[in-house]
Amino acid sequence: MMKSVFCLLDTAPYGSEKAFGALNAAAVSLTEMSVTFGLYGDGVYLAAADQDSTELGVPNLSDILYSYGELRVIVHEPSLIERGLFGETLIETIELVDEEDFLEEMENSDFVILF
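Residues numbered from 1 in each chain as written. Predicted model: local features only at pLDDT ≥ 70, side-chain atom pairs only at ≥ 80, totals over all residues. Heavy atoms only, no water.

**Here's the deal with the environment of Tyr 66**
In this structure, Tyr 66 sits in helix 2 (residues 61-67). Judged by its relative accessible area of 35%, Tyr 66 is partly exposed. In the structure, Tyr 66 is positioned 25 residues away from Ile 91 in sequence and 8.3 Å away in space, judged by C-alpha atoms. With near-sequence residues (within four places) excluded, Tyr 66 lies in contact with Ala 49, Ile 91 and Glu 92. (Helix = DSSP H or I, 4+ residues; strand = E, 2+ residues; numbered from the N terminus. Buried < 20%, exposed > 50% of the residue type's maximum accessible area, 1.4 Å probe, protein only. Contact = heavy atoms within 4.5 Å.)

This is the structure:
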């Protein structure tokens, strides 16, 4: 039986290497495990479509999400609402989940990695 891992990103996607590292770690794990990438807290900013990181001089992280379409990405809807992003255009491949479903996904995973 394939092991499952839940990667939790709760920090903003830009300003540190956490999101970039988390996405790459999740993508590498796809061949060996079932991976769910959870966006929580400030991590939900990664779900915004049409990100432009050229002035920051760093890779566009939403492009990485598009590149790994098989990566399951869930977004904590209450965090999205708290940050005023609920009406914004989001990446099409993400899933919005409520508090209960988000926690259930974490609990049902064999491993949880916090970034």
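**Re the nonpolar core**
The nonpolar side chains of soluble globular proteins are, as a tendency, buried together. Leu 23, Phe 37, Leu 39, Leu 46 and Leu 71 are the most contacted members of the largest nonpolar core, which totals 26 residues. Broken down by secondary-structure element, the contributors of at least two residues to this core are strand 1 (4-9), helix 1 (18-29), strand 2 (34-39), helix 2 and strand 3 (72-76). Broken down by element, the residue count for this core peaks at four residues, all from helix 1. Apart from residues lying up to four places away in sequence, Leu 46 is in contact with Leu 9, Pro 13, Leu 23, Phe 37, Leu 39, Gln 51, Leu 61, Ser 62, Leu 65 and Ile 91. Listed in part, the six residues of the second largest apolar core include Phe 6, Leu 8, Val 97 and Met 106. (Core = buried A, V, L, I, M, F, W, Y, C linked by side-chain atoms within 4.5 Å.)

**Digging into the side chain of Gln 51**
Looking at the secondary structure, you find Gln 51 in the loop between strand 2 and helix 2. For Gln 51, a relative accessible area of 14% gives the class buried. A polar side-chain atom of Gln 51 sits 2.6 Å from a polar atom in the side chain of Tyr 14. Apart from residues lying up to four places away in sequence, Gln 51 is in contact with Tyr 14, Tyr 45, Leu 46, Asn 60, Leu 61 and Ser 62. (Polar contact = N/O pair within 3.5 Å; in protein donor to acceptor, adjacent residues only side chain to side chain.)

**Some thoughts on the sheet that holds strand 4 (residues 94-97)**
Ordered by their spatial adjacency, five strands build an open sheet running 4-3-2-1-5, and the pairing between neighbours is parallel. In this open sheet, the two strands that pair with only one neighbour each are strand 4 and strand 5 (111-114). Ignoring strand direction, the axes of neighbouring strands in this sheet form an average angle of 25°. As paired strands, strand 3 and strand 4 are joined by four bridges and run parallel to one another. Bridge assignment links His 76 to a residue of strand 4, and that residue is Val 97. In the packing of helix 4 (residues 99-107) onto the sheet, the strands contacted are strand 1, strand 2, strand 3, strand 4 and strand 5, and the crossing angle to strand 3 comes to about 135°. (Pairing = 2+ DSSP bridges. Axes fitted to C-alpha atoms, helices over the stretch in contact; angles between N-to-C directions.)

**Some words on a negative patch on the surface**
On the surface, Asp 98, Glu 99, Glu 100, Asp 101, Glu 104 and Glu 107 cluster together into a negatively charged patch. Of note, Glu 107 is situated in helix 4. (Patch = residues over 30% accessible without salt bridge, like charges linked within 9 Å, V, L, I, M, F, W, Y side chains within 5 Å. Areas by Shrake-Rupley, 256 points an atom, 1.4 Å probe, with all protein chains shown as cover. Salt bridge = Lys/Arg side-chain N within 4 Å of Asp/Glu carboxyl O. Lys, Arg positive; Asp, Glu negative; His and termini not counted. Charge placed at Lys NZ, Arg CZ, Asp CG, Glu CD.)

**So, the packing of aromatic side chains**
All chains considered together, the criterion is met by two aromatic pairs. An angle of 85° between the planes, with centres 5.5 Å apart, marks the rings of Phe 6 and Phe 102 as edge-to-face. Here Phe 6, found in strand 1, pairs with Phe 102, found in helix 4; they are 96 residues apart in sequence, far enough to count as distant. Ring centres of Tyr 40 and Phe 102 lie 5.7 Å apart, and the angle between their planes is 35°; on these two criteria the pair is classed as tilted. One end of the pair, Tyr 40, is in the loop between strand 2 and helix 2; the other, Phe 102, is in helix 4, and 62 residues separate them in sequence. (Phe/Tyr/Trp six-rings, centres within 6.5 Å; stacked < 30°, edge-to-face > 60°.)

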